Amino acid sequence: NAKQAGDAQAREQLERVYESLVTVRCKTYEDCIRWARLRFQENFHNKVAQLTYTFPEDARTSNGALFWSPPKRFPTALNFDRDDATMVGLITAMAHLQAEVYGIEKPSYAFQHSEMARAISEVGVDPFVPKANVKIETDPKATKAAAETSMDDDARIAQLLEQVAAGLADTPMSGNLSPIVFEKDDDTNYHMDVISGLANMRARNYTIEEVDKLQAKLIAGRIVPAIATTTAAATGLVCLELYKVLLNKENIEDYRNTFCNLALPLFAMAEPVGMKKFTFEHKDQKLEWSLWNRWVIEGDVTMQDVLTWFEERGLTAYSISAGSSLLYNNIFPKHKERLGTKVSELYTTIAKQTIPDDRRHFDVVVACEDDEGEDLDVPLMSIRFR
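Since we're looking at a predicted model, the values are computed, not measured.

Peer 1: How would you sum up helix α4 (residues 85–101)? Please name residues and give values.
Peer 2: Here α4 spans 24 Å end to end across 17 residues, near enough to the 24 Å set by a 1.5 Å rise per residue. Capping of α4 at its N-terminal end is provided by Asp84; its side-chain oxygen lies 2.9 Å from the backbone amide nitrogen of Thr86. Once α4 ends, the next one or two residues include Gly103, with phi positive near 65°.

This is the structure:
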């Protein structure tokens, strides 16, 4: 599948697979402790130390202003302290989760704070050596370069596949990896211990007030109390509009948008704005659509058939996607190989989508432009392949 995709997304996913199966793979609980300790060192000491080496506290920008001026804060690299309960707790929780991923049994000492502090402090850590001429992006609006290396995606994917195969040949996996699904409300799964610990260590880097696990849980869950009276009011207002639909009210002026705030209290009603309509004319054809329309193609068509369908209407479909996966884009030479492939096959193999047996269609998102190169917002495309 990675070879078929041949794009940056597949490359990034494969790099994570290589990291999990080869470079940071853990076989014992001691490996998990070492992994967690080194991650702590890298994120809260080495990267911060490199940042302050590249940009000292008195560093100035090209126009002479202080680089570390508000809202920027000058950070401080953290040094591990076995007597610091927050540091030991974070690394312990990270080691527990890593062991869970690799199916490694936790020894009895893993649940004893003093023993874990001793084990963590015994991990060998190389002293940090700053690197000269390191470029750190300081423009928040800057985007990541499309190619960080001279190697193209296809070549890098092929290289990673070989490295993964070689790594697994040397030390075969004894079991499957177990992904962890975040659950903030279970106080025994160490999830919030990791989240709160990571947040507090970064806060400590920048001299920001730390929070306890309960506060971190509230922030992580973005918990907003649900008030029964507000819910009841919203439900009642929706039902009033539903009655109008059942009474076949066709004029938009008959309906209302309602804004309410029970704390003020405020109830404000307004006529809804009509939906935006789009029109496009090509030769003797005139297309009209809105947000509520969708276009349908009949048959189990190929990618080329879809492009031709749009060309016949004077439109150029340059990108077709399903979910977060790109099925076709005309800027990628590799994607030309997909023109003869049925879209239903690409939908299941590239986008990893499952089509239930009782469903006759699936949807894709198409990005189009007219003959003048202007983008058009076209409806969702349904392919009725059964």
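Peer 1: Requested: an account of the packing of helix α3 (residues 29–54) against helix α7 (residues 191–205), with residues and values cited.
Peer 2: Interaxial distance between α3 and α7 falls to 11 Å at its minimum, and their mutual angle equals 15°. Taken together, the axes of α3 and α7 are roughly parallel relative to one another. The chirality of how α3 crosses α7 is right-handed. Where α3 approaches α7, its residues Phe40, Asn43, Phe44 and Val48 are matched on the opposing element by Leu198, Met201, Arg202 and Asn205.

Peer 1: An account of the pairing of strand β6 (residues 316–322) is requested, with residue identities and associated values reported.
Peer 2: With five of its seven residues buried, β6 lies for the most part within the structure. When β6 meets strand β8 (residues 361–369), the two strands line up antiparallel, connected through five bridges. Its bridge partner lying in β8, Thr316 is registered against Glu369. Looking at chain direction, β6 and strand β7 (residues 325–329) are connected through four bridges and run antiparallel. The partner of Ser321 across the bridge, within β7, is Leu326.

Peer 1: I'd like a description of the packing of aromatic side chains, backed by residues and values.
Peer 2: Under the defined criterion, the tally for this structure stands at 13 aromatic pairs. The interplanar angle of 75° and the centroid separation of 6.2 Å between the aromatic rings of Tyr29 and Tyr109 together place this pair among those described as edge-to-face. Pair noted here: Tyr29 is in helix α3 and Tyr109 is in the loop between α4 and α5 (113–121), with a separation of 80 residues, a long-range link. Taking relative accessible area as the criterion, Tyr29 reaches 2% and is therefore assigned buried. Accessibility expressed as a relative area gives 17% for Tyr109, which makes it buried. Site record: aromatic cluster; members linked through ring pairs are Phe278, Trp289, Trp295, Trp309 and Phe310. Its end group placed over the ring of Phe67, Lys72 keeps NZ or CZ at 4.8 Å from the ring centre. Its guanidinium or amino end placed over the ring of Trp309, Arg313 lies 3.8 Å from that ring's centre, counting from NZ or CZ.

About the criteria used
- Residues numbered from 1 in each chain as written.
- Predicted model: local features only at pLDDT ≥ 70, side-chain atom pairs only at ≥ 80, totals over all residues.
- Heavy atoms only, no water.
- Helix = DSSP H or I, 4+ residues; strand = E, 2+ residues; numbered from the N terminus.
- Expected span 1.5 Å × (residues − 1).
- Polar contact = N/O pair within 3.5 Å; in protein donor to acceptor, adjacent residues only side chain to side chain.
- Axes fitted to C-alpha atoms, helices over the stretch in contact; angles between N-to-C directions.
- Parallel < 35°, antiparallel > 145°, perpendicular 65-115°, else oblique.
- Left-handed = near helix turned anticlockwise from the far one by under 90°.
- Contact = heavy atoms within 4.5 Å.
- Buried < 20%, exposed > 50% of the residue type's maximum accessible area, 1.4 Å probe, protein only.
- Pairing = 2+ DSSP bridges.
- Phe/Tyr/Trp six-rings, centres within 6.5 Å; stacked < 30°, edge-to-face > 60°.
- Lys NZ or Arg CZ within 6 Å of the ring centre and 35° of its normal.

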